[in-house]
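Residues per chain are reported as follows:
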Amino acid sequence: MGVSGQMDPLDFLTNEQLLLFLRRKKTEISCIEQPHAFLTQLRDHDLMPEKLFEKVKGMRTREQKQKGVYDVLDRLEKEKPQCVHKFWHCVFKHHILQLYPTLQLLRNSLLDGSFEFYENCLDVETQTEKSEGKEEKGKKKKNTRKRNNDDRSTEDSDDPGPSSASTPTRKKRAKKPSFSTPVKKGEKAEMWTWPIYKTQLPVNCGDKKGTLYRDKLPKGEKCILFQGRWFTPSAFEKFGGKERCKNWKVSIRCRNTPLKKLIEEDHLQCPPMERRKRKCAPKNMKEQFPVISAESSSAGEHQSSTLIHTLSAVCLNAAMCFIPQDSETSITLDEESDAEDFEEHRGRGGGTEFRGRVEDEEEEEEMTDLSVFQAPSLPVTCVSLTGTLYKDRFASGSRGKCIRTEESWFTPAEFVNQEQTLTEGHWKKDILCHGKTLNFLLKKEILRIHSLLCECFKCSCQLEDLMEQNNDDVCYVCHSGGDLVCCDECPRAFHSHCHLPAVDEDSPGEWICTFCVLRTSQQWRDSSSMTEQEAFNAPVSQYRLHCHYLLLCVYKEDTQRVFVEDPRKTVSRYSQFISQPMWLDRIKLKLESDEYQTVEAFVSDFQLIFSNCSTFNKDNEFGQMGAKLKEMFEKEFQKIFTIQ
């Protein structure tokens, strides 16, 4: 499903440009696997005759199909050159791109200006200019260009990589665009001012390349598209391996130019500042990992140790202002443990073979593949407990609530204390991730312990900052950040308009989300079960809470927002196959407008979404997505209505 209401960048390219692009890419396209859907798309848009479609469809071997597809494209280029715009619009539809990654790459090359025919056009112009001068002078220019490229690669290698904790201060030399521009000769214009990039910009973060939709950025929505997945700028920064920069405006770039520069020059509008209700804004991180030389003298080491323990006392005194006195012993132990953990981590990083309290045979093993630990969040266990560790929230054993369960957020030490079977548990050795201890993750620098000198939000001892860590950083329903309202009973947080019913942001006092209200109500409600027909006949007015819960569950599981909006606006020829379209936003509107009288009428609209999805998509990616959503819905329906 594409982005509706936006001009396609293809409209800014001429027929000749797209025709030349087709000529260069025919062989590449003809090699796609299982081309039936591709050919069907061409036939349905009158780009190939029915007779030719049946001929290619009947081909059996892979070689025959490749030749058949090539002949179709060759015929289109030679006999219908006036339809080349229509051709690219058809094959770049979202449902086609999902099936054929090759076409997705071709579309990206059109958007980021990397396709070859532009370069050749420039080469022709350059060669024409060179032919007017002396041949020897032309050779000298070529050698100069090659040397500059070598210099640039050397300079690039000095820039910090994804593992760097600091924001790069030295900018890479900007590369000149390798494609022709819509400006006159002698004039200069950056690519983000060109008409072709009026609605979209090619961006990259690390080795991840995506497309930034310019109108979505100021709204604070997910605005960067990467291979069918949508990201907010901060999420794309993490996805690109630059989460330690903590500044997406610098780490995300357009043709080697940080987005910060585009925002400062008013080429892009910045999204509104993120804040959370009833919470204090986090402090800026001043120093997360202070650099300490491994060659310090013994006197320097003693001074550093004294400073750390002094800081422990300062943090302890600050904590005492709001923590009950019976917690004093545990706080002191936590602070001392943090100091020891950081000293151990620092010693290891300095090259010494220091080994702390945790000594397992597993710590000596070397893993050849660490890719399972590169995700922003990791599954963790502690005996019978399960949770999810968010790496960007981790600070140390007792600071930074980074492990989320269904009930709450915990620091690693708090998470271990929840396991009642452990009497002397330690977070480094008792919390496992993919079969490895957290100590292993520390040794591999997948996690990093903050110094007690750190003044970042996660290490703060202030009550407001600690309260801030009790809830999620993104909306539980739409998975994006912004202005969130936090539940006072569970870790969830919501946009006021995403929650059902909508939240009055100015309402005083505590607020509890629908999930917690339903859980509480089922504890005191009569637990007797009912039949499915009895549940269907029940009036919505008495079970509105259940309906809100089911709708929220479906919204949350539809992470790609495939079923949220009217499919007729984004899916080609949808109405020709589906006579009664239905989508989640429409169900939400009908529910809030009291159009449903019984639960059966409410459920039937969900069943209509699932059946329409199965009919239109069959067994492709979206069809499988709809089947999983249906299974989840039926399971939750049986659970909350206690169907016998």
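So, a few notes on the structure that sits alongside this text. (Residues numbered from 1 in each chain as written. Predicted model: local features only at pLDDT ≥ 70, side-chain atom pairs only at ≥ 80, totals over all residues. Heavy atoms only, no water.)

**Here we look at the pattern of salt bridges**
Okay, so step 1: Per the counting criterion, the structure on display carries 22 salt bridges.
Okay, so step 2: The salt bridge partner of Glu 79 is Arg 75, with a shortest N-O separation of 3.3 Å. Taken together, the positions of Glu 79 and Arg 75, both in helix 4 (residues 62-79) and four residues apart, correspond to about one turn of that helix.
Okay, so step 3: What makes Glu 79 exposed here is its relative accessible area of 51%.
Okay, so step 4: The exposure class of Arg 75 is partly exposed, given its relative accessible area of 28%.
Okay, so step 5: A cluster of three or more residues bridged by salt bridges with shared partners is formed by Arg 23, Lys 26, Asp 74, Glu 77 and Lys 78. (Salt bridge = Lys/Arg side-chain N within 4 Å of Asp/Glu carboxyl O. Helix = DSSP H or I, 4+ residues; strand = E, 2+ residues; numbered from the N terminus. Buried < 20%, exposed > 50% of the residue type's maximum accessible area, 1.4 Å probe, protein only.)

**What to know about the side chain of His 548**
Okay, so step 1: Tracing the backbone shows His 548 in helix 21 (residues 544-557).
Okay, so step 2: A distance of 3.0 Å separates a polar atom in the side chain of His 548 from a polar atom in the side chain of Glu 592.
Okay, so step 3: Excluding residues that lie within four positions of it along the chain, His 548 makes contacts with Leu 500, Pro 501, Thr 514, Leu 591 and Glu 592. (Polar contact = N/O pair within 3.5 Å; in protein donor to acceptor, adjacent residues only side chain to side chain. Contact = heavy atoms within 4.5 Å.)

**Side note on helix 4**
Structurally, the α-helix is built with 3.6 residues per turn, so residues lying three or four positions apart point the same way.
Okay, so step 1: When the terminal C-alpha atoms of helix 4 are compared, their 26 Å separation across 18 residues agrees well with the 26 Å that a helix rising 1.5 Å per residue should span.
Okay, so step 2: Every buried residue of helix 4 is accounted for by Gly 68, Val 69, Val 72, Leu 73, Asp 74, Leu 76 and Glu 77.
Okay, so step 3: Looking at the packing, one finds that the buried side of helix 4 touches helix 1 (15-30), helix 2 (36-44), helix 3 (50-57) and helix 5 (84-91). (Expected span 1.5 Å × (residues − 1).)

**Examining unusual backbone geometry**
Okay, so step 1: The omega torsion across Leu 500 and Pro 501 is -5 degrees, close enough to zero to call that bond cis.
Okay, so step 2: One can find Pro 501 in the loop between strand 14 (493-494) and helix 19 (514-524).
Okay, so step 3: Not every positive phi belongs to a glycine, and Asp 46 is a case in point at roughly 60 degrees.
Okay, so step 4: The topology assignment puts Asp 46 in the loop between helix 2 and helix 3.
Okay, so step 5: By relative accessible area, which is 55% here, Asp 46 ends up exposed.
Okay, so step 6: With a phi angle near 60 degrees, Glu 445 is a residue other than glycine that sits in the positive phi range.
Okay, so step 7: Tracing the backbone through its elements, the reader meets Glu 445 in the loop between helix 17 (438-443) and helix 18 (463-468).
Okay, so step 8: Residue classification places Glu 445 among the partly exposed residues on the basis of a relative accessible area of 38%.

**A word on the nonpolar core**
Okay, so step 1: Formed by 58 residues in total, the largest nonpolar core has its most connected members in Leu 584, Phe 602, Phe 606, Phe 637 and Phe 641.
Okay, so step 2: Elements supplying a minimum of two residues to this core: strand 13 (485-486), strand 14, helix 19, helix 20 (532-537), helix 21, helix 23 (584-592), helix 24 (599-617) and helix 25 (621-640).
Okay, so step 3: Ignoring sequence-local partners within four residues, the contact set of Phe 606 consists of Leu 551, Val 554, Leu 584, Ile 587 and Phe 633.
Okay, so step 4: In terms of nonpolar packing, the next biggest core, distinct from the first, is built from 33 residues, Leu 13, Met 48, Phe 87 and Leu 106 among them. (Core = buried A, V, L, I, M, F, W, Y, C linked by side-chain atoms within 4.5 Å.)

**What to know about the pairing of strand 8 (residues 385-390)**
Okay, so step 1: Side chains Leu 385, Gly 387 and Leu 389 of strand 8 all project onto a buried face; the interleaved residues Thr 386, Thr 388 and Tyr 390 project onto a face where none is buried.
Okay, so step 2: Here strand 7 (residues 377-382) runs beside strand 8; their pairing, made up of six bridges, is antiparallel. In the strand pairing of strand 8, Cys 382 is matched with Leu 385.
Okay, so step 3: Hairpin connection, strand 7 to strand 8: the antiparallel pair is bridged by two residues, and Val 383 has positive phi, about 60 degrees.
Okay, so step 4: Across two bridges, strand 8 lies against strand 9 (residues 403-404) in antiparallel orientation. Within strand 9, the position partnered with Leu 389 by the bridge is Ile 403. (Pairing = 2+ DSSP bridges.)

**Brief notes about the state of the cysteines**
Okay, so step 1: As enumerated under the stated definition, the model contains zero disulfides in all.
Okay, so step 2: Lacking any disulfide linkage, Cys 498 is separated from the closest cysteine sulfur, that of Cys 478, by 3.9 Å. (Disulfide = S-S within 2.5 Å.)

**Here we look at the environment of Asn 470**
Okay, so step 1: Mapped onto the secondary structure, Asn 470 falls in the loop between helix 18 and strand 13.
Okay, so step 2: The partly exposed category is assigned to Asn 470, whose relative accessible area is 25%.
Okay, so step 3: With 17 residues separating them along the chain, Asn 470 and Cys 487 place their C-alpha atoms 9.5 Å apart.
Okay, so step 4: Those residues in contact with Asn 470, other than ones at most four positions away along the chain, are Lys 401, Trp 409, Cys 490 and Pro 491.
Okay, so step 5: In terms of polar contacts, Asn 470 uses its side chain to reach the side chain of Lys 401, at 2.7 Å.

**Here's the deal with helix 1**
Okay, so step 1: The terminal C-alpha atoms of helix 1 lie 21 Å apart, and with 16 residues this matches the ideal 22 Å at 1.5 Å per residue to within 8%.
Okay, so step 2: Arg 24 marks the point of greatest bend in helix 1, at about 50 degrees. (Bend = angle between axes of the 7 residues up to and from the residue.)

**What about the packing of helix 21 against helix 23?**
Okay, so step 1: Direction vectors running N to C along helix 21 and helix 23 enclose 165 degrees, while the axes themselves pass 11 Å from each other. Classified by the angle between their axes, helix 21 and helix 23 sit roughly antiparallel to one another. The two elements helix 21 and helix 23 meet at a crossing, and its hand is left-handed. Together, Arg 544, Cys 547, His 548, Leu 551, Val 554 and Tyr 555 of helix 21 and Leu 584, Asp 585, Ile 587, Lys 588, Leu 591 and Glu 592 of helix 23 make up the contact between the two elements.
Okay, so step 2: Here the residues of the contact of helix 21 with helix 23 sort into seven nonpolar, one polar and four charged. (Axes fitted to C-alpha atoms, helices over the stretch in contact; angles between N-to-C directions. Parallel < 35°, antiparallel > 145°, perpendicular 65-115°, else oblique. Left-handed = near helix turned anticlockwise from the far one by under 90°. Nonpolar A, V, L, I, M, F, W, Y, C, P; charged D, E, K, R; others polar.)

**Considerations on the environment of Gln 200**
Okay, so step 1: You can see Gln 200 is positioned in strand 1 (residues 200-205).
Okay, so step 2: Taking the C-alpha atoms as reference points, Gln 200 and Lys 216, 16 residues apart in sequence, are found 9.9 Å from one another.
Okay, so step 3: Side chain to side chain, Gln 200 and Tyr 213 meet in a polar contact 3.5 Å long.

**Section: the packing of aromatic side chains**
Okay, so step 1: Taken as a whole, this structure holds 25 aromatic pairs when the rule is applied.
Okay, so step 2: Residues Phe 21 and Trp 88 carry aromatic rings whose centres are separated by 5.2 Å and whose planes lie at 45 degrees to one another, so their mutual orientation is tilted. Of the two residues, Phe 21 sits in helix 1 while Trp 88 sits in helix 5, which places them 67 residues apart along the sequence.
Okay, so step 3: Judged by relative accessible area, which is 1%, Phe 21 ranks as buried.
Okay, so step 4: Judged by its relative accessible area of 0%, Trp 88 falls in the buried class.
Okay, so step 5: With a centroid separation of 5.0 Å and an interplanar angle of 50 degrees, the aromatic rings of Tyr 574 and Phe 616 are classed as tilted. Here Tyr 574, found in helix 22 (residues 574-577), pairs with Phe 616, found in helix 24; they are 42 residues apart in sequence, far enough to count as distant.
Okay, so step 6: Given the relative accessible area of 23%, Phe 616 is considered partly exposed.
Okay, so step 7: A connected cluster of aromatic rings, assembled from ring pairs, spans Tyr 476, Phe 494, Trp 511, Phe 515 and Tyr 549.
Okay, so step 8: The ring of Phe 239 has Lys 208 lying over it, and the distance from NZ or CZ to the ring centre is 5.3 Å.
Okay, so step 9: The side chain of Lys 556 reaches across the aromatic face of Tyr 476, ending 4.7 Å from its centre. (Phe/Tyr/Trp six-rings, centres within 6.5 Å; stacked < 30°, edge-to-face > 60°. Lys NZ or Arg CZ within 6 Å of the ring centre and 35° of its normal.)

**What about the packing of helix 1 against helix 5?**
Okay, so step 1: Running from N to C, helix 1 and helix 5 cross one another at 50 degrees; their axes reach a closest spacing of 9 Å. Taken as axis vectors, helix 1 and helix 5 run oblique relative to one another. Handedness of the crossing formed by helix 1 with helix 5: left-handed. Across the interface between the two elements, Asn 15, Leu 18, Leu 19, Phe 21, Leu 22 and Ile 29 from helix 1 touch Val 84, His 85, Phe 87 and Trp 88 from helix 5.
Okay, so step 2: Along the lines of polarity and charge, the residues of the contact of helix 1 with helix 5 split into eight nonpolar, two polar and no charged.

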